[in-house]
Amino acid sequence: MRISRWARAVAMGAGGGFLAVSATTAAGAVTPAEDSRTVPLKSDAGWGVAAAERFWTADRMESATPVTGQGKGQASASAPGKAQAPADVARRGPVTYAAAARAQTDREGSKTIGVLYFVGKDMSTHNCTASVVHSPKGNLILTAAHCGNGDKYAFVPQYRTGKTPAQQPNGIWAVDRVFKDPRRTDYGPGSDLDFAFATVKPDQRGRQVEEITGANTLTRTPGYQVQVTVIGYPSARHAPKDQAIKCRTKTTRLSGYKQLRMECGGFYGGTSGSPWLMDFDERTKTGKVVGNLGGAGGGGATDSVSYAPFYDDEVFKLYDDAVRNAAVIERPPLPTTLGTGETWQHAKQLATGDYTGDGTSDLLVVWADGEVTLHPGNGKGGFTRERRLQKANATWKHAAAVTGGDFAGGNLSDLMVRWSDGEVTLYQDVSASGLGKETRLAAAGSTWKKAAQITAGRFGGGGDRADDVLVRRTDGEVILYSDVDARGFKKKTTLHKPNATWKRTTLLTGGDFTGTGLWDLVVRWSDGERTVHKDVSPAGSGTKTRMGAPAALWTHAKAMTAGNYTAGGRSDDLIVRWSDGEVSLYADTTTKLGREVTLVPPKVS
């Protein structure tokens, strides 16, 4: 099921201006204006070491659990709420990994690393992992931003099970404030910002936490392949002694994200926020922090595959905010994207057209639940704010094939829909305001029920409008209808009689890829082969050129369209929606694929 419209808008960074959050909310005082993903928490004056020791008894600490939901820590309010998968999905389809190494129990742990406890808004007790990072005042800890939605925060470095707060080897520390980037989301570019800092109050003797524990050094991530030592505290269900675990491994990149990825078993719930340490010193038990367990979907879908944000300028901006105790955190919105793979797996049909009248291509999407949305193109390969043209409904679930074209001759493109019962309708002058006037071109029960794929274009039918429609029928017959308008299909040319070869076409789309004026056809075949058919016209399906040999990767291409999404380009651009929800744009595609741009990162869980 797709995530809610509200959640998708958040994930896409809808809206303009600056995102700002106040840092003056008292702990436990939840105001209506609070957003659980973005509001830094500030404890009240009474929350200190003494209060933390009274509240966080040994039993309460031992019974704390990660919040039920995605990832390995707290599932935030923006989580789509989908079931966890048994393994992550890499680029465009499931892949099989060798058995991941397992973390080893680390009974000693490190003074700089411990358990971060807090009370959730459901009033239950929860835990993540946090670590001390060096700061001028010596009062700063690091964790995952998705662990930052609660109250009564306390940090217990080098935690020991069954011990009272006073018996913990390095004490219990009351957290003052939590600092998070207001743009963080569970998926998409916002999940690259899943890091948080918290200031810690002095102990009863006036000492700062770093005086007692030492600290790790916040460091820019040098690359995606880094040798790291990761230490964290799994929940009691998976580590009965509540002991730390440690894994030394080399990272890779999480495809489609600015995040590190590691394979190491044992990182169950509770390890969110665990520091990823480069150059770890076994003697001092410290190192350089180049990431923290977090990121897409809450840090990973399983105990054996984990993610961490790539540390660049953004983490240091937040660090500076925490050091200077900034009253308000302001950030410019992230670049607008189409959303996340978790959502776009459910994009059923794509249709290109100039639906805004600005001369550049826009993307119309029919979703599996019957919703229809418009994504206006900006002419630079990106998109502006999504517009809903049709709410989710049972009727549009039956849209079996769609294509955008200029059939009515207006300033805006039109949409042709072939329905599951064989009816064909035309929506004239589709715009951000709606689908426009509906005209029936073929009745239910017509032979169009066997039209497996349709695409519009300028296929030599005369004139300069994209008003010709190429149809591939279920029996392999290929038909070209020229000069289609609201009166119907007048000029029919059979390009290929029913045959076994064209029955193997899985996707096809028209566009001007070779720059001759006549449009061409890109075909994805059932075995993953791609071909370009140059200058399609009533005279034939054009000159065939192989774009790519059969490939298992391309069998994961589930929807395809083409248009002028990068204005001024030499040829049209190809857009592909993959089985894992990733959406790719191939700019200036010719007989070869153009430069690839990721519009939507793949689903990761």
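Details of the structure are given in the entry above.
What you are looking at is a predicted structure, and each value in this text was computed from that prediction instead of being measured.

Looking now at the packing of aromatic side chains. For the structure on display, the rule yields 19 aromatic pairs. Look at Trp344 and Trp367: their rings are 4.9 Å apart centre to centre, the planes differ by 65 degrees, and that puts the pair in the edge-to-face class. Placement of Trp344 in helix 6 (residues 341–344) and of Trp367 in strand 20 (residues 362–367) is noted, with a sequence separation of 23 residues between them. Both residues of the pair, Trp344 and Trp367, count as buried. Pairwise contacts between aromatic rings join Trp47, Phe55, Trp56, Tyr117 and Tyr159 into one cluster.

What follows covers the sheet that holds strand 28 (residues 468–473). Read across the sheet, four strands follow the order 27-28-29-30 without closing on themselves; strand pairing throughout is antiparallel. The two strands at the open ends of the sheet, each matched to only one other strand, are strand 27 (451–457) and strand 30 (491–496). Pairs of neighbouring strands in the sheet enclose a mean axial angle of 20 degrees, with direction left out of account. By the bridge criterion, five bridges tie strand 29 (residues 478–482) to strand 30 in an arrangement that is antiparallel. Each bridged residue has a counterpart across the sheet, and for Tyr481 the counterpart in strand 30 is Lys492.

Per the counting criterion, the structure on display carries 27 salt bridges. Across the pair Lys285 and Glu108 runs a salt bridge whose closest N-O atoms are separated by 3.9 Å. Residue Lys285 is located in the loop between strand 15 (275–281) and strand 16 (286–292), and its partner Glu108 is located in the loop between strand 3 (104–106) and strand 4 (113–119); the two are separated by 177 residues in the primary sequence. For Arg207, the salt bridge identified is with Asp203, shortest N-O distance 2.9 Å. Classification of Arg207 by relative accessible area gives partly exposed; the value is 26%. For Asp203, a relative accessible area of 14% translates into the label buried. Because the salt bridges share partners, they merge into one network encompassing Asp181, Arg183, Glu314, Lys317, Asp321, Arg324 and Arg331.

Reading the values: rules and limits
Residues numbered from 1 in each chain as written. Predicted model: local features only at pLDDT ≥ 70, side-chain atom pairs only at ≥ 80, totals over all residues. Heavy atoms only, no water. Phe/Tyr/Trp six-rings, centres within 6.5 Å; stacked < 30°, edge-to-face > 60°. Helix = DSSP H or I, 4+ residues; strand = E, 2+ residues; numbered from the N terminus. Buried < 20%, exposed > 50% of the residue type's maximum accessible area, 1.4 Å probe, protein only. Pairing = 2+ DSSP bridges. Axes fitted to C-alpha atoms, helices over the stretch in contact; angles between N-to-C directions. Salt bridge = Lys/Arg side-chain N within 4 Å of Asp/Glu carboxyl O.

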